[in-house]
Amino acid sequence: MSRGNIHYVGSGLLIVGGCVSATMMLGRKQSLRGDGGLADYGPDEAQGESTETEWVNKLWVRRLMRFCALVSLFSVSLNTPKTFERHPSLQYVTFCCDAIVTVLFTAEMVAKMQIRGILQVRSRNRGRGAPPPTCTSLLAPRLLSGNNPVVRPPLLAARGETPYLKDHWCQFDASMVLFHWVSIVLQSCEILGVVGRYSYLSILRAPRPLIMIRFIRVFLKFSMPKSRINQIFKRSSQQIYNVTLFFLFFMSLYGLLGVQFFGELKNHCVLNDTDPNYITINSLAIPDTFCSTDPDSGYQCPPNMKCMKLGLSKYTMGFNGFDEFATSIFTVYQAASQEGWVFIMYRAIDSLPGWRAVFYFSTMIFFLAWLVKNVFIAVITETFNEIRVQFQQMWGARVQISSSAASHVLSGDDSGWRLVKVGESRQHGLAPDCCQAVLRSAWFRLLVMCVILANGVVTATMNFKHDGRARRVFYERYYYIEVCFTVLLDLETLFKIWCLGWRGYWRHSYHKFEFLLAMGTTLHIVPHLYLSFLTYFQVLRVVRLIKASPMLEDFVYKIFGPGKKLGSLMIFTMCLLIISSSISMQLFCFLCDFTKFESFPEAFMSMFQILTQEAWVEVMDETMLRTRETLAPLVAIYFILYHLFVTLIVLSLFVAVILDNLELDEDIKKLKQLKFREQSAEIKETLPFRLRIFEHFPDSPKMSTLHKLPSDYILPKVRDSFMRQFVIDSGLYGAEADDEEDVADVTGKKRLEAFDSKIVYRKGRPVNTLCCTDKVRNISSDLRKAAIQYIINDSNNQRLMLGDSAVIPIPGKTTLKPQGTISSAKQLRIDQKKSLRRSVRSGSIKLKQTYEHLLENGDIGGMNRVSSSRRPQDLDIKLLQAKRQQAEMRRNQREEDLRENHPLFDTPLFVVPRESRFRRICQTIVHARYDARVKDPLTGKDRKMNYKRLHNFLGLVTYLDWAMIFVTTLSCMSMMFETPKFRVQESPALQIAEYVFVVSMSLELALKVLADGLFFTPKAYVKDCATVLDIFIYIVSLVFLSWMPRKVPPHSAAQLLMILRCLRPLRIFTLVPHMRKVVYELCRGFKEILLVSILLIVLMFVFASYGVQLFGGRLARCNDPSIERREDCVGVFLRRVFVTKMKLGPGENETYPSMLAPRVWANPRRFNFDNIGDAMLALFEVLSFKGWLDVRDVLIKALGPVHAIYIHIYIFLGCMIGLTLFVGVVIANYSENKGTALLTVDQRRWCDLKKRLKIAQPLHLPPRPDRKKFRAFIYDITQNLYFKRFIAGMVLLNSSLLCVSWKQEERHTGPLAMVSTVLTLIFVVEVLMKIIAFTPHGYWQSRRNRYDLFVTVMGVLWIVLNSWLRNDVSYSFGFMVVILRFFTITGKHATLKMLMLTVGVSVYKSFFIIFGMFLLVFFYALAGTILFGTVKYGEAIGRRANFESPVTGVAMLFRIVTGEDWNKIMHDCMVQPPYCTLADNYWQTDCGNFTASLVYFCSFYVIITYIMLNLLVAIIMENFSLFYSNEEDALLSYADIRNFQNTWNIVDIHQRGLIPVKRVKFILRLLKGRLEVDPQKDRLLFKHMCYELDRLHNGEDVTFHDVLNMLSYRSVDIRKALQLEELLAREEFEYIVEEEVAKQTIRTWLEGCLKKMRSVNKNQPNLLSGLRATHQRTEAESQEEKSTDNTTDADVEPAAREGHERHRKKGTVIPRSDSVGSGSGRKYLAPTLSDPQSRAEKSEARNTASIKKKSIRATGNAGKTQSMETSSSGGHPPSSTSSSNKVDASGFNKATMPRISNAMQEVRDWWSEQLAYDSGSEDGL
C-alpha cells in the first residue's frame, strides 16, 4: 500500500481522518501481507473486534450474513410455480429459509440503526471526563500486534460520520430487507391460496437476486483515495455514455431511413380466393413469400396467387418492421446485432426495388456492427488500462516470484546452459542417484510426452456406427488400452514422488495438475465409472503436451499466467448470469406454457443464449408475444439493455484483459527498444542465394592494357576486386600487429618497409612521382604485393589531391576484408564538409516531418541540450547508424565485385547485354511513373498544389502497373458475368477479354524480365512470393486459354484449373504496394495467430474426444417424433411442412400443410459425435456461436439436461476466451507492426498528439465587425449559445417529422411537409444571418457552413418542387434533404463530432484492408460459382441465397462474414448422392462437394471473420486515442488546442490560414493555458520561438500547423516524448536556434554599444580607448548608480510582489522552463500576465516611458538616444534605471550619461543571463 492511500470496500470509506494517514506509513508492511480482514458491508464493518465493537461488526456475524445472502439467492432461484409443481416440498423449504434469513437481516438492520442512528448521528456517551480517543491510542494496539494486515480506523471516527439511511450500502441493505418481507408475505398468500399460483405479483421478487451483491462486494478492495475512484468511474461512465450516444445517433439515422425507404412490409403472396379478413396458414405460399405490387420491382407472385397486404396484428406477424420510428429502431438494433438481418433484407428485396435494401443493410452492417460497436471495445480497453494501473494491488503483480524460485544458478554442460535451482540436485526422495538422473534426463520427458501423444491418438480413433450392433462393441477394446496408459502414467507419478519426495513433488503446481489427472484417470478405469464424467480427466492429458513446446508454453503463461484478472472476470460474468437469470425468472415465471423462464436452469440457458447472440431475438419475441401489448415495449427494452451490456461491455472486457496480458511492461519495452535499436543497425550483408551463386564460378573480368603511363597521368580508382588479390594482411603489416613471429624472415620485412609510405592528408603541389618504386620483375610474391599496395596508395594520394572525397584508407592499416569490402569503423572521409551540427542549414529543417515508423527509444535521461559534447549513448547511436550504412555499403560492394568479375552478372536471361540500349528502353517503359513533385527539388519545400492526394495516388505505381491494374480489373469484371449457364467456353465476348488479359500480361512479363531479369539479377522479377503468384496466375491463364475445355466433369483437373483461374483478382495485391503491405503485416503476425489456433485446436480436441466417448452413437433418432425404438422406425409418415414464422394456424376443417416422408433412423442433420472428425467439425461451428442451440437441445432430449453443461462450458471457454484471443492477438500484432507496441506511455501520447494536431484546423470564424453595428448585432445573435441550441432543436424537430412514412396516399404527409417547409425557411434565415455577419467570403471559409448552405439550397429547391408536384418523387426528395440536415447534429455536439472523426479516420486508414477483404470475397465468390453454382436448394440455400452467379456469391459471402447461418450453407453445399443427381459436367449436376465445402467455408470464415475484421477493431482502437483524451493524460488537451484556434482566429483576420512571421509574437502573447508564454519572464524562450518560426520558411508566411507544431514541441519534455531519430533531429535544430539567437543578441548589443560610444566619444582615436574611457566613466559613477538602483529596486519590488499575488489569485499554473532547461526536465510554458489588469499596468509603463522620452528628447539629443535605446533593448521597453539616474553637471552631458549607464546595465544583465543559462545547462548534465 502506497503512502497516504485509503482502503475502500465498494464505495464505503474505511479509513478517515488526517492522523490515520500519518499512521499508515507505519503499517505499510502489515498492510501488504494478505487480504484478510477487509470489510464488506460498509464503513462501519471494517472495525476490529475490540471491546467497544458491537455484535453486528464481529467477524462471525459478517460471515453469517454473507452465508445468508447465498441462502437467499438459492431460495429465490427455486421460487417458481413450475419448480413447486415438480417438487412440492420446496415451497415450504424456501419459505422457512426466507423467514430465517429475513429475520437475521432485519435484526442486523435494527442494530445498525440503533448504533448509528436512522437519519441523524446518534450521540454516544464515552464516560465521565473521558477524553475522546486519539488516533494513536486507537491504532497503536493494531500496529504493535501485527495480527491484522490492514490498518483499521477508530470505531467512533467512522461511526459518527454518516447515519444509516444516508449511507449507500446501508440503503441497499434496507431495500433488500424490504423486498424479503414482501416476498415472505407473497409466499404466505400463495400457500394459503389467496394469490393464484401463476400470479403476476411474482414480479415483486425480482429485485431479491441482487442480494448476491452483499456476497461479492467483499472482494472489491480498492487501495485508492475515494476521489480517485469516483473520478475513474465518472470518466469511464462518461465515455460509455458518449459512445452509447454515438451509437444511438446511427441507430436513429438508420431508423429514419428505414421508415422512409421501406415503410410497412406486409405484402404477401396468397391464393387468389383468399378473404382479406380471414387469413389462415393454408392461404399462404409454401414457403411464405413477400411480394411487390409494383410489376417493375420486387418479387412477383405465381399465376395462381396474388399479392395482398395483410392487416394482421404484430402479435401475429412479428414485431420487427419499419412501420414507424419505434418499430424501425427495434428492427435496426436486431439487424445491427447481425442476428436475422439477412431475412429482413430478403423481405425488403422482395417487396421493393432491390438497390434500397442492399445499400441500406450493407452500410448499416458496416457502420453499426463493424465500426461503431467496435468503438465500445476501444472505450472498455482504454478504461481498463487506466483502472489496471490504479488497481494494481487488486490484480496483483504481473509476475510473482516465489521464495522457492528466487535462487537459481547457471549450470552448463556439453548440451548447453540452463537455469537450475539451488539444491535441485540434492536428493529429496528415497530414490538413488541413478533414478534422480533418469528423472532429470531429457529422454524421460520425451518418453512421457510420446506416451501422452499415443494415448490421445489412440483415443481419437474411436468411432461408432449405426449398424445395429451394441454401443459396447465399439469401445470395449479401448477400455483395456486405456488401462495400460493409465498404469504407465500412474507409474510416472509414483516415480516422481519417489525421486522428489512428497513435499518436493507437491511444491510445483504442474505436479499438482499431474497428480489430479492421475487420481481422476485411475477412478476412470473402474468399470462402472468408465465413460462417465470422469472422462474429462482422461482427455485433459493432452494439455500436458503444451510443455513440449516452450514457445506455446510461454504464450499460454502470458495469457493465463496472471490468472487473477481473467479468473475475476469469469467469476464476474458468472455472477452476472446468475443474477440476471434469477431476475428474469421472477419477471416471467408467471407466464403459462412458457418454458424459457419456468425454472432457474431454463432461465440460465436463456440468458446465456442472449450472451452468445445466437437466436437471442427469438427469446425476446417469444416473451413479448406472451405479455400484454402495453408491457411488450418494456420487455423489449429490458432484453435490449441486457444484450447491449453483455455483448458490448462484458465481451469487450475479455478483450481488454487479454490485451492487457499481452501488453509488455514498461521496463521490458525499453529493453526491447534497445534490442531493436541494435537489430535495426544490422542489415544483411550477404546477398541472396540467386546472386551468391555467381561466387561459385571463377572470376573472368574484362581486362584492358595501358600502353602509356606518363608521370602526370592521374591514376583512376583501382578496382577493389583487383586490390583484394594484392592486399597485405593487416595482422602482419598493420599498425596493430603485435606478434612478430608471423614474419617469415627479416629480409622480407625490410623489403616491405621499403614500400611503406605515408599518405598526405592535405593538398600539396603535384609532383611527377611521389616515390621511386623498385623493380619487381623477379622477386617474391610478398614483395609483389607490397609493390601493388604502394601503387594503390599512390593512386589514392593523387585522387586526394584532386579533391576526391571518397573513402581513403588509414595509413599503416588495411581497410579491406577478404571479401574486398571496407572494414568497419576504420574508414576516414576527407572532405571539406562541416560537422553535423554546423552542416544543417538554417531554415532547411521541416518540423512537419513525422516519425511514426521509427521504433527506437527516445527516453535519454538528462541530456545536455546546450553543450556540444554528447553522452556515450549518442555516440553509440551514431556508431550504430554508421554500422548500418557500412553494412549496406558492404553488400553493395559485393554486388559490385560480382558485376565486375562476371560478365553474365546482371544480364537478363544471360542474353541481353548489361548496358544495351534495348534494355534501357525496356527499363524506361517498366519504371516510368507519374512524378507528383509534391516537393520542390531545389528548395525541398512542399509545393502548393490542389488535389495533392490525387497526385500522390497517381504516382503510387508505374504507368505499366496502372495499365495492368486496369486490364486486370476489366478481366475480373468479365469474369463476373460467367455463370454455369453463361460460360467462357461458349461466349466469344468473354474469350476476347481472356485473350486481352493473357496478351497484356505476356507483354508486361516480357518487358519486366528484359529490363530487370528473371531470377539471377539484382532486381530480378522473381524475388518474392508476390511475383511467384503473378507467374502462377499467368501460367494458369495461359493453360486455360490454350486448352479451353468444353467438358468439365465434377472433381476433375479441368474444374481445378477453372478454380485456380479465379485467383486472378488477387493479382491486384501484387500490383498495389499498400495491398502488399497489408498481406505482409498479416504474415508477420502469423506466429501468434498460429499459437492461438493450436490452443483452440487443443481445446476442440479435448472436448471432441470427450463428446465421442460419451455421446458417440447415442444421438441418432427417428425422424418421426412419435417413434422411440429403432425397430419401429420403418414406413412413411406425414411430416409437417414449415410455411411461415407468423403465428397462423389452419382454418376450420383444415390441417397443417404436410407431406409423406420415409422414416429414417439417423443422426442430427448437421452434427454428430460418432468420430473425432465430425465432433471437431461440430465444435468448430459452435466456436462461431452457430449451431450450438441444436447441440444443446439434442443433448437434453437424448441424454438429459445434465449433459447440456458440456456445451455451455465449451462455449464459455472457447468463445469467451478463445475467440477474444484472436481479437487480442490481431490487435497486438497490428500495434507492433505500426510501431506503437514498444512505445512508452509518453511516446504514445506524443504520437496521439501529432495525430490530433494534424486533424485540427483553423476555426474559419471571422472576427466580430465592431465598426458596423448592424453586422455586429447579427454576429452576436449567431454566436449566442441559445441561438445555437434553438437551431439544434429545430434540426431535431425537422428530423422527427420522418418518424412516419412520407407517402402520397397517407393523410399526414401534407401537414408534415408543410411543417418541414416552415423549418426550412428558418434555416434559410439562419444562413442569411450568418452571411450578413460573416460576409459571403467569411461564411464560405468553413466547410460546415458550406454543407449547411448546400442543404439549405436543396431544401429551397424541394419547397419549389413540392409546391409543384406533391407526389412520391417530391416527398422522397424532401426526406433526403431532412436526412442530410440530420447529419449537421454531429457538428453541433463536440462528442459526436470527435467520434465521427474517429470513425472517418478509421475508414480512411482501413481503405486498403477493406479493399483487400473485397478482393478475397470476390475470389471466393468466383470459386464458389464453379464449385456450388448448381447445388440444389436446401435449408439455407434458396432463391435469394445461392452461388448461381458471382454477384449473388458476393452477397452470400457477405452474409457469411456476419456469421448468419454460415454452417447451414456449408452443409447444404456438402450434399451427396443419393440426395442429389450426378452428371457429366459441373453445370449439369446438383450435387455439392464435401471436402471442397469444408475447406472453402472454414478457411473463408477464419480468414475474414477472425483476422480481417479484427484488423478493423485494431484500427479503431488506434484512432480512438483522438477521442479518448483528458486534461491529465494528454500532453495538449482539446481545451488548449481550442484556445490556440481562437487566438489564431483573432490574428488571422483574412482567414487564409497563413500569417506573416511578424504576427507570431501577437499569438504568443495572447495564448493561455499550457501554451502560454510570458515575453517578460521567458524572454529567451520567446526569442527562440520567434526565430524558429522565422527560419522555418526563411521569413515567409507561416501556417496554422507550423505555429501549432512549434508550440507542441516546446510544451513537452522531448527527452521522454520523442523517439530517437526525431529527438536527435529536434535537438540539433534547437541547438542551431539557440546558437543563432545568441549570435543575434551579441551582435545587437555590440552594435548598440558602438553607436553609443560613437555618439558619446567622438574624439576617441580607436575602439579600445573608447571602451576604456567608457569603463572609467562608469566606475566614477558607480556609487551614484548603486544608490539609484536601490531606490529603483525598492520601488519595483512592491509592484512585483503585488503582481505576483494577483497572479496567484488567478490560479496555480504549472511553470514551464525555457528550452535550455535544467536537469529536472522540460516543463510546460510559463504563465503570462495577459489579463486586463496587467495590460493596464503595461500601458501605464509605456506612458511613463514616453513622458520620460519626451523630457530627454527636449534636451537636444533626442534622435540619437532613442535609436540607441531601441537597438540596445532588442525591441523591449527601456529599463527604468535610465530615467532614475542622476548625473553631475560637471563632467558629462546630462542627456548622454544616463544612456552610458543604461548600456552598461544591459551588459551586466546580459552577462548574468548567460551565466544563469550556463549554470542551468550544467544542472541538466
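Computed from a prediction, not measured in an experiment: that's the story for all the values here.

What counts as what
- Residues numbered from 1 in each chain as written.
- Predicted model: local features only at pLDDT ≥ 70, side-chain atom pairs only at ≥ 80, totals over all residues.
- Heavy atoms only, no water.
- Salt bridge = Lys/Arg side-chain N within 4 Å of Asp/Glu carboxyl O.
- Helix = DSSP H or I, 4+ residues; strand = E, 2+ residues; numbered from the N terminus.
- Buried < 20%, exposed > 50% of the residue type's maximum accessible area, 1.4 Å probe, protein only.
- Disulfide = S-S within 2.5 Å.
- pLDDT = per-residue confidence, 0-100.
- Contact = heavy atoms within 4.5 Å.
- Axes fitted to C-alpha atoms, helices over the stretch in contact; angles between N-to-C directions.
- Parallel < 35°, antiparallel > 145°, perpendicular 65-115°, else oblique.
- Left-handed = near helix turned anticlockwise from the far one by under 90°.
- Nonpolar A, V, L, I, M, F, W, Y, C, P; charged D, E, K, R; others polar.
- Core = buried A, V, L, I, M, F, W, Y, C linked by side-chain atoms within 4.5 Å.
- Phe/Tyr/Trp six-rings, centres within 6.5 Å; stacked < 30°, edge-to-face > 60°.

A. Structural view of the pattern of salt bridges. The tally for this structure, following the rule as stated, stands at 54 salt bridges. With a shortest N-O distance of 3.2 Å, Asp 350 and Arg 1439 are connected by a salt bridge. Pair noted here: Asp 350 is in helix α13 (residues 341-351) and Arg 1439 is in the loop between α54 (1407-1428) and α55 (1446-1457), with a separation of 1089 residues, a long-range link. Overall, the relative accessible area of 5% leaves Asp 350 in the buried class. Assessed through its relative accessible area of 40%, Arg 1439 is described here as partly exposed. Here Arg 1626 ties to Glu 1588 by a salt bridge, and the two come within 2.9 Å at their closest N and O atoms. Pair noted here: Arg 1626 is in helix α63 (residues 1620-1656) and Glu 1588 is in helix α60 (residues 1579-1592), with a separation of 38 residues, a long-range link. Linked through salt bridges whose partners overlap, the residues forming this network are Arg 1165, Arg 1166, Asp 1190, Glu 1435, Lys 1464 and Asp 1468.

B. Region of interest: the state of the cysteines. If you walk through the whole model with that rule in mind, you get 4 disulfides. A sulfur-sulfur separation of 2.0 Å characterises the disulfide bridge that pairs Cys 291 with Cys 307. Disulfide Cys 291-Cys 307: the torsion about the S-S bond is 95°, which places it as right-handed. Separated by 16 residues along the polypeptide, Cys 291 in the loop between β4 (267-271) and β5 (305-309) and Cys 307 in strand β5 bring together distant segments of the chain.

C. Fine view of the confidence of the model for the protein. Summing up the model confidence of the protein, the mean pLDDT is 76 and the portion of residues at 70 or higher is 70%. Across the protein, the secondary-structure element scoring lowest on mean pLDDT is helix α32 (residues 836-839), at 32, and the one scoring highest is helix α39 (residues 1053-1061), at 95. Below pLDDT 50 for its whole length, residues 1-53 participates in 139 contacts with residues either more than four positions away or in separate chains. A low-confidence stretch, residues 802-875 stays under pLDDT 50, and its non-local contacts, those more than four residues away or across chains, total 183 contacts.

D. Fine view of the packing of helix α16 (residues 433-440) against helix α18 (residues 472-506). For the pair α16 and α18, interaxial distance at closest approach is 10 Å and the crossing angle is 120°. Here α16 lies oblique to α18, going by the angle between them. Of the two elements, α16 crosses α18, and the hand of that crossing is left-handed. Where α16 approaches α18, its residues Cys 435, Gln 436, Val 438 and Leu 439 are matched on the opposing element by Phe 495, Lys 496, Trp 498, Cys 499 and Leu 500. The class makeup of the residues in the contact of α16 with α18 is 7 nonpolar, 1 polar and 1 charged.

E. A look at the nonpolar core. By size, the foremost hydrophobic cluster in this structure holds 297 residues, and its most contacted members are Phe 262, Tyr 360, Phe 361 and Phe 1497. With 20 residues, helix α25 (residues 632-662) is the single largest residue contributor to this core. Excluding anything up to four places from it in sequence, Phe 361 contacts Phe 262, Phe 322, Ala 335, Trp 341, Ile 344, Met 345 and Ala 348. With 36 residues, the next largest nonpolar core counts Ile 1537, Trp 1544, Leu 1567 and Leu 1589 among its residues.

F. Spatial organisation of the packing of aromatic side chains. In this structure the tally under the stated criterion is 84 aromatic pairs. Aromatic pair Phe 261 and Phe 262: ring centres 6.0 Å apart, planes at 80°, arrangement edge-to-face. Phe 262 gets classed as buried once you look at its relative accessible area, which sits at 2%. A centroid spacing of 5.8 Å and a plane angle of 90° characterise the contact between Phe 608 and Trp 1188, whose relative ring orientation is edge-to-face.

G. Region of interest: the environment of Asn 892. If you trace the backbone, Asn 892 turns up in helix α33 (residues 872-901). Linking Asn 892 and Thr 686, residues 206 residues apart in sequence, is a C-alpha distance of 9.8 Å.

H. Fine view of helix α61 (residues 1600-1610). Among the 11 residues that make up α61, 11 are buried, leaving the element largely enclosed by the rest of the structure. Every buried residue of α61 is accounted for by Phe 1600, His 1601, Asp 1602, Val 1603, Leu 1604, Asn 1605, Met 1606, Leu 1607, Ser 1608, Tyr 1609 and Arg 1610.

I. Quick peek at the packing of helix α42 (residues 1086-1111) against helix α43 (residues 1172-1183). Where α42 contacts α43, the two axes come as close as 9 Å, and the packing angle between them is 125°. The angle between α42 and α43 falls in the class oblique. Where α42 crosses over α43, the handedness of that crossing is right-handed. Between α42 and α43, the contacting residues are Leu 1096, Ile 1097, Met 1100, Phe 1101, Phe 1103, Ala 1104, Ser 1105 and Val 1108 on the first element and Ile 1172, Ala 1175, Met 1176, Leu 1179, Phe 1180 and Leu 1183 on the second. Split into classes, the residues belonging to the contact of α42 with α43 amount to 13 nonpolar, 1 polar and no charged.

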